[in-house]
Amino acid sequence: MATAARKTSAKKTKADSKTPPAPRTPAPAEFSKEQELKAYRDMLLIRRFEEKAGQLYGMGYIGGFCHLYIGQEAVVTGMAMAIKEGDQMITGYRDHGHMLAMDMSPRGVMAELTGRRGGYSKGKGGSMHMFSKEKNFYGGHGIVGAQVSLGTGLAFANKYRGNDHVALTFFGDGAANQGQVYESFNMASLWKLPVIYVIENNRYAMGTAVTRSSAETNFAQRGVSFRIPGIQVDGMDVRAVKAASDLAVEWCRSGNGPIILEMQTYRYRGHSMSDPAKYRSKDEVQKMRSEHDPIEQVKARLLQKQWATEDDLKAIDKEVRDIVADAADFAQTDPEPDASELYTDILL
C-alpha cells in the first residue's frame, strides 16, 4: 500500500511539473504610434457612446436598467487588441463597451437600448441582453455571475473542438463572490480549459466597497485553491492591459488551462443610471479622473511624443461624435418591433 501511494504521488508530481510557473505581471506594452491612435479612438468611441446613452436614458428613450462603462474603457480595449478572430467574449450587464470593442455596430447597440427593430435583439432585450454570434460576443447577462459558467462552457467547446480559441469571461468584484464562479473555476482547472477570467474590479460592485464585502480583496488570488494563476493589472492603463492580455492569451493557447486577470479599474458613474453613488466622495471620483483617466493618458503620450497634434485628436473626436450621433438618430427613429415579434426566438 505504501509503495503504491509513493508511486501515485510521484506520478502527480511529474504531471504537475508540466505546467509552467505562474506568470508575473508584465511591464506595460510599448505601443507604436498606430497602436496608441487605435487605443485612443476605440476608447473614445466607448466613452462618447456611453455619454450619449446616458443622455437618452435621461430623456426617456431608454427604459429599464442602464449600466455605463465610463472610466473602465481601457480594460476591454486592451484585451480586444490581444485576441484574434474566433476568440469569444462574454460579460455581465455593463456590456456596451464590450460590444463596441468586438466591432458590433453602434447603430445596432443603441437601437437595442431604445427597444427598436434594428437592435441586436430586435428590440426585445434592451441594455443587458445583446448577443452576436457573428462577432463572437455571447452577451450581456443580467444575472450576477451567470456569464461565468457560460464562458467556461465556451472554453469547453473550444477544447472539445480542438481549436486554439480562447474565451474571455468578464465579471465584476461583486460577482466574484458567487458560488457558480468557483464551480466554474474547479471544472476549468480540472480540464485545463482555455478561459481567461477577467475580474473588472471597479471597487464598489453594486454600491458596497470591496473592503466591506470581500474577505479577500486580492481578486487575482481567488483561484489559488483551484491552482489557477492570477495577476493584478492596472486597468486604467491600456498598455498594461494589452501586455497582461498577451500573456494570458498565450498561456491559454499553450494548453496551460485557465488564468485570472484582476483589472483594477474604476467607474465614474453610479452602478446604474438610477444610482446616485453617495457611498463615495466627489473628490475621490475627481482624483481618479484627473490622475488616472485611461483616455487622457493616451492623449498625453500622443502629444508628448508628437505623434499627433491637438487638431488631429479633435478630428478623431469629431469622427467618433458623428458615429455616435448617427447611432442615436437611428435609435430614435427606427420603428419599434411588431407585436408578432414577441412570439419569435422562443425555446420550448
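The model shown is predicted, which means the values in this text are computed figures rather than measured ones. (Residues numbered from 1 in each chain as written. Predicted model: local features only at pLDDT ≥ 70, side-chain atom pairs only at ≥ 80, totals over all residues. Heavy atoms only, no water.)

Describing the nonpolar core
Part 1 of the argument: Core analysis: the largest hydrophobic core is formed by 69 residues, its most contacted members being M79, I196 and L261.
Part 2 of the argument: With near-sequence residues (within four places) excluded, I196 lies in contact with M79, V166, A167, L168, T169, A248, V249, C252, I259 and L261.
Part 3 of the argument: A176, V181, I199 and I228 belong to the second-largest nonpolar core, a separate cluster that totals 21 residues. (Core = buried A, V, L, I, M, F, W, Y, C linked by side-chain atoms within 4.5 Å. Buried < 20%, exposed > 50% of the residue type's maximum accessible area, 1.4 Å probe, protein only. Contact = heavy atoms within 4.5 Å.)

Digging into the pattern of salt bridges
Part 1 of the argument: Applying the stated criterion across every chain yields a total of 22 salt bridges.
Part 2 of the argument: Between D317 and R48 there is a salt bridge, with its nearest N and O atoms 3.0 Å apart. With D317 in helix 12 (residues 310-333) and R48 in helix 2 (residues 33-58), the pair connects residues that are 269 residues apart, well separated along the chain.
Part 3 of the argument: Looking at D317, the relative accessible area reads 16%, which means it is buried.
Part 4 of the argument: Among the salt bridges present, the one from K318 reaches D322, with a minimum N-O distance of 3.0 Å. Of this pair, K318 and D322 both sit in helix 12, 4 residues apart, which is roughly one turn of the helix.
Part 5 of the argument: Via salt bridges that share partners, K38, R41, D42 and E319 belong to a single interconnected network. (Salt bridge = Lys/Arg side-chain N within 4 Å of Asp/Glu carboxyl O. Helix = DSSP H or I, 4+ residues; strand = E, 2+ residues; numbered from the N terminus.)

Section: the sheet that holds strand 5 (residues 259-264)
Part 1 of the argument: The 5 strands are arranged 1-2-3-5-4 in an open sheet whose pairing can be described as parallel. Of all the strands in the sheet, the pair left with one neighbour each is strand 1 (88-90) and strand 4 (230-234). For this sheet, the mean angle separating the axes of adjacent strands, direction not counted, is 20°.
Part 2 of the argument: In this sheet, strand 3 (residues 195-201) lies alongside strand 2 (residues 167-172) in parallel orientation, the contact comprising 6 bridges. (Pairing = 2+ DSSP bridges. Axes fitted to C-alpha atoms, helices over the stretch in contact; angles between N-to-C directions.)

Points about the packing of aromatic side chains
Part 1 of the argument: Following the criterion strictly, the structure yields 11 aromatic pairs and no others.
Part 2 of the argument: When the centroid spacing of 5.2 Å and the interplanar angle of 85° are considered together, the rings of F131 and Y138 count as edge-to-face.
Part 3 of the argument: Residue classification places Y138 among the buried residues on the basis of a relative accessible area of 17%.
Part 4 of the argument: For the ring pair F156 and Y160, a centre distance of 6.3 Å and an interplane angle of 20° mean the geometry is stacked. Of this pair, F156 and Y160 both sit in helix 6 (residues 146-161), 4 residues apart, which is roughly one turn of that helix. (Phe/Tyr/Trp six-rings, centres within 6.5 Å; stacked < 30°, edge-to-face > 60°.)

Looking at the environment of I228
Part 1 of the argument: By secondary structure assignment, the location of I228 is in the loop between helix 8 (210-213) and strand 4.
Part 2 of the argument: Residue classification places I228 among the buried positions, given a relative accessible area of 4%.
Part 3 of the argument: Residues I228 and G257, 29 residues apart in the sequence, show an inter-C-alpha distance of 7.9 Å.

Notes on unusual backbone geometry
Part 1 of the argument: Its identity is not glycine, yet K192 carries a phi of approximately 50°, on the positive side.
Part 2 of the argument: Structurally, K192 is set in the loop between helix 7 (179-190) and strand 3.
Part 3 of the argument: For K192, a relative accessible area of 32% translates into the label partly exposed.
Part 4 of the argument: For A277, which is not a glycine, the phi torsion comes out positive at approximately 55°.
Part 5 of the argument: The residue A277 is located in the loop between strand 5 and helix 10 (282-292) in this model.
Part 6 of the argument: By relative accessible area, A277 is classed as buried at 10%.

Focus: the packing of helix 6 against helix 7
Part 1 of the argument: At a minimum axis distance of 8 Å, the contact between helix 6 and helix 7 shows a crossing angle of 15°. By the angle between their directions, the pair helix 6 and helix 7 is classed as roughly parallel. As for how helix 6 packs across helix 7, the hand of that crossing is left-handed. Residues A146, V148, S149 and T152 of helix 6 form the contact with helix 7, whose participating residues are Q180, V181, S184 and A188.
Part 2 of the argument: Tallied by class, residues from the contact of helix 6 with helix 7 come to 4 nonpolar, 4 polar and no charged. (Parallel < 35°, antiparallel > 145°, perpendicular 65-115°, else oblique. Left-handed = near helix turned anticlockwise from the far one by under 90°. Nonpolar A, V, L, I, M, F, W, Y, C, P; charged D, E, K, R; others polar.)

Honestly, that's just the spatial picture; any functional story needs more than this.
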